[in-house]
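The lines below spell out each chain.
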Amino acid sequence: MSQHQITSPDQLAALYPNPIAPASIAKEIDHVDANYAALIAASPFFVLATNGPDGLDCSPRGDQPGFVMVRDAKTLLIPDRRGNNRLDSLKNILFDPRIGMLFLIPGYGETLRVNGVAVLSSDPELCRRFEMAGKLPACVIVVKVESVYFQCSRAVVRAELWNPAKHVARGVVPSAGTILRDITARDAAVETFDGEAYDKALPERVKATLY
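It should be emphasised that the depicted structure is a prediction, and the values quoted were computed from it without experimental measurement.

Before going further, it helps to examine the overall build of the protein chain. Tallying secondary structure elements over the protein chain gives 8 helices and 7 strands in all. If you line up the protein chain on its principal axes, its C-alpha atoms span 55 × 55 × 40 Å. Counting every position in the protein chain, which comprises 211 residues, the buried fraction comes to 28%. In the form shown here, the protein chain has an accessible surface area of approximately 14,100 Å², with 57% of it arising from carbon and sulfur atoms. For the protein chain, the centre of its 23 positive side-chain charges and the centre of its 24 negative side-chain charges are spaced 3 Å apart.

Okay, structure coming up:
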C-alpha cells in the first residue's frame, strides 16, 4: 500500500484534475443567512464533530425541527438534551472549542455544514428558552459561526437514505443488547450482560427519558 499512499497536494491534484465548480466556492459564507436559517429550522437531526485530548469524536443530536436556534447571523444555540452522561462532546469543547456540524433534513437531498467555535453556558435564562416536557437542558452550546455551506445531494442519493424500502428491519443487524452481551462475555472478570432484558426494556426507557 505504501507505494500508492497519497502524501502531497500534488498527488491529490493529479487524481482530481477537474477544477472546482464556481458554485462549490460561492455557496460558502461566514454567517447564517435567511436560506441557511430555513434549513436549520427544518432539521431535526445533526452530527456534532469535536476534538479532544483523546482524538476526534462525532455525536448525534436530535429533537423536533427547530431545536437548534439561530439567535443571529453569527450565533447558534443548541440545548444539550439528556443522554448517557459520557459528556464526550462537552469535555472536548472545553479542550478545543472548534466544532463541525452536519445537518440532515428528512426527504431533502442536500445537507448543511456549519463550522465554528463553541462555549458551554448554564445560564438559567438561556436554558429556559429550551424547556421541553417541563425539563430544562443542563447547559446550552453557544456556537459562533465561522462558515456555512450546503453539501450537494450525491451522498444521500447514492445511499437512498430517505427511501423507506431501504430501511433496515429490526433483527437484521445486532441489537444494542446483543452488542453489550457479546462484549461483556469476552471478559471473564465481568458478569455477562442480559442483552435480552436490555432490549426489552429499552423502548420504554428511551421514551421515559427523552428529556
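Okay, the pattern of salt bridges next. Here the idea is simple: oppositely charged side chains can pair when their charged atoms come close. Counted according to the given criterion, the structure contains 6 salt bridges. Between Arg86 and Asp88 there is a salt bridge, with the nearest N and O atoms lying 2.8 Å from each other. Residue Glu160 is joined to Lys166 by a salt bridge in which the shortest nitrogen-to-oxygen separation is 3.7 Å. With relative accessibility at 49%, the residue Lys166 sits in the partly exposed group.

Taken together, the 7 strands give an open sheet; going across it, the order is 2-1-5-6-7-4-3, and neighbouring strands pair in antiparallel fashion. Across the chains shown, the open sheet's two edge strands, defined by having one partner strand only, are strand 2 (55-62) and strand 3 (69-72). Across the sheet, the mean angle separating the axes of adjacent strands is 35° when strand polarity is ignored. Where helix 4 (residues 88-95) meets the sheet, its contacts fall on strand 1 (45-52), strand 2, strand 5 (98-104), strand 6 (111-121) and strand 7 (140-151), and the angle it forms with strand 1 comes to roughly 50°.

As for its placement among the helices and strands, Leu104 is situated in strand 5. Leu104 has contacts with Ser43, Pro44, Phe45, Thr111, Leu161 and Trp162, leaving out every residue within four places of it along the chain.

With phi around 65°, Asn85 is a residue other than glycine that occupies positive phi space. For Asn85, the position within the fold is in the loop between strand 4 (75-79) and helix 4. When its relative accessible area of 62% is taken as the criterion, Asn85 is described as exposed. The backbone of Leu87 shows a phi angle near 65°, a positive value even though the residue is not glycine. Following the sequence through the fold, Leu87 ends up in the loop between strand 4 and helix 4. The class of Leu87 is partly exposed, set by a relative accessible area of 39%.

Turning our attention to helix 4. Within helix 4, the full set of buried residues consists of Ser89, Leu90, Asn92 and Ile93. Along helix 4, the residues classed as buried sweep out an arc of 160° about the axis, all on the same side. The outward face of helix 4, more than 90 degrees from its buried face, is lined by the exposed residues Leu94 and Phe95. Residues of helix 4 that are buried sit in contact with strand 1, strand 2, strand 5, strand 6 and strand 7.

Conventions and cut-offs
Residues numbered from 1 in each chain as written. Predicted model: local features only at pLDDT ≥ 70, side-chain atom pairs only at ≥ 80, totals over all residues. Heavy atoms only, no water. Helix = DSSP H or I, 4+ residues; strand = E, 2+ residues; numbered from the N terminus. Buried < 20%, exposed > 50% of the residue type's maximum accessible area, 1.4 Å probe, protein only. Areas by Shrake-Rupley, 256 points an atom, 1.4 Å probe, with all protein chains shown as cover. Lys, Arg positive; Asp, Glu negative; His and termini not counted. Charge placed at Lys NZ, Arg CZ, Asp CG, Glu CD. Salt bridge = Lys/Arg side-chain N within 4 Å of Asp/Glu carboxyl O. Pairing = 2+ DSSP bridges. Axes fitted to C-alpha atoms, helices over the stretch in contact; angles between N-to-C directions. Contact = heavy atoms within 4.5 Å. Arc of directions from axis to C-beta.

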